[in-house]
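Each chain, letter by letter, is given below.
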Amino acid sequence: FFDIHPPLGKFIIAFAAKFMNRAYDYTGDFPFNYIGDKYAAQRVPFYIERSMPALFSALSVPLLFILARLLRLSKPASVLAAAWLLFDNAVLVQSRHILIDSFLVFFILLSLCLCYFLEQYAEDHSVLLT
């Protein structure tokens, strides 16, 4: 068994499900076996679980803008890069459903920003790191 998705994304979805159980008194008895079942008729508050990928996808757009600015792109080019991510159909679908890929995109962008900051810190404080 091999899964390409990181476990952190699954933990974030599980956190949302745990919050859903406490806040909405959902017992977890809906089986999710068949595609197309009516979740609203069974009082399944699935929108809580959908909100987490939507939140991380929404946070990816300004993070990409920041990364583009850190890489010394111009403001119009940075806005264009963020707009491409914002209006990408795959990202829209991933953020609309309960999928793990939006967490992957967010944490890749975050790690690239942190790598850039670490490299800049190492150049500025090279005496401290040797």
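Counting of residues starts from 1 at the beginning of each chain's written sequence and follows it residue by residue. Where totals are concerned, whole chains, interfaces and linings use all residues; where local detail is concerned, this predicted model gives features only for residues with pLDDT of at least 70, and gives and counts side-chain atom pairs only at 80 or more. Side-chain descriptors were evaluated using all non-hydrogen atoms of the structure, hydrogens and water having been removed beforehand.

K.L.:
Explain the overall build of the protein chain to me, and be specific about the residues and the numbers.
P.N.:
When you go through the protein chain residue by residue, the secondary structure sums to six helices and zero strands. Counting helices and strands in the order they occur from the N terminus, the protein chain gives α-α-α-α-α-α. Among the 130 residues that make up the protein chain, the fraction classed as buried is 28%. Should any heavy atoms of two residues lie within 4.5 Å, those residues are considered in contact. Contacts in the protein chain between residues far apart in sequence, at least 24 positions, make up 68% of those at least 6 positions apart. Surface exposure here means Shrake-Rupley accessible area, sampled with a 1.4 Å probe, where a residue is shielded only by the protein chains that are shown. Accessible surface, the protein chain as shown: approximately 9300 Å² in total, 67% of it carbon and sulfur. To qualify as a helix, a DSSP run of H or I must reach at least 4 residues; to qualify as a strand, a run of E must reach at least 2; elements of each kind are numbered from the N terminus. We call a residue buried when its accessible area falls under 20% of the maximum for its residue type, exposed when it is over 50%, and partly exposed in between, using a 1.4 Å probe and counting protein chains only.

K.L.:
Describe the nonpolar core, with residues and values.
P.N.:
Core analysis: the biggest nonpolar cluster contains 23 residues, and M52, F56, L64, L85, F103 and L109 have the highest contact counts within it. Looking at this core, the elements that each hand over two or more residues are α1 (7–24), α2 (46–70), α3 (75–86) and α5 (101–124). In terms of residue count, α2 provides more of this core than any other element does, eight residues in total. Joining through side-chain atoms within 4.5 Å is the link that ties buried Ala, Val, Leu, Ile, Met, Phe, Trp, Tyr and Cys residues into a set, and such a set is a nonpolar core.

K.L.:
Explain the side chain of S78 to me, and be specific about the residues and the numbers.
P.N.:
Within the secondary structure, S78 sits in helix α3. The contacts of S78, once residues within four sequence positions are left out, are F65, A68, R69 and L73.

K.L.:
A description of helix α4 (residues 89–96) should follow, citing residues and the corresponding values.
P.N.:
Regarding α4, the residues found buried are V91, Q94 and S95. Seen along its axis, α4 keeps its buried residues to an arc of 95°; they face one direction. Turned more than 90 degrees from where α4 packs its buried face, N89 and R96 sit exposed. The directions from the helix axis to the C-beta atoms are what the arc is built from.

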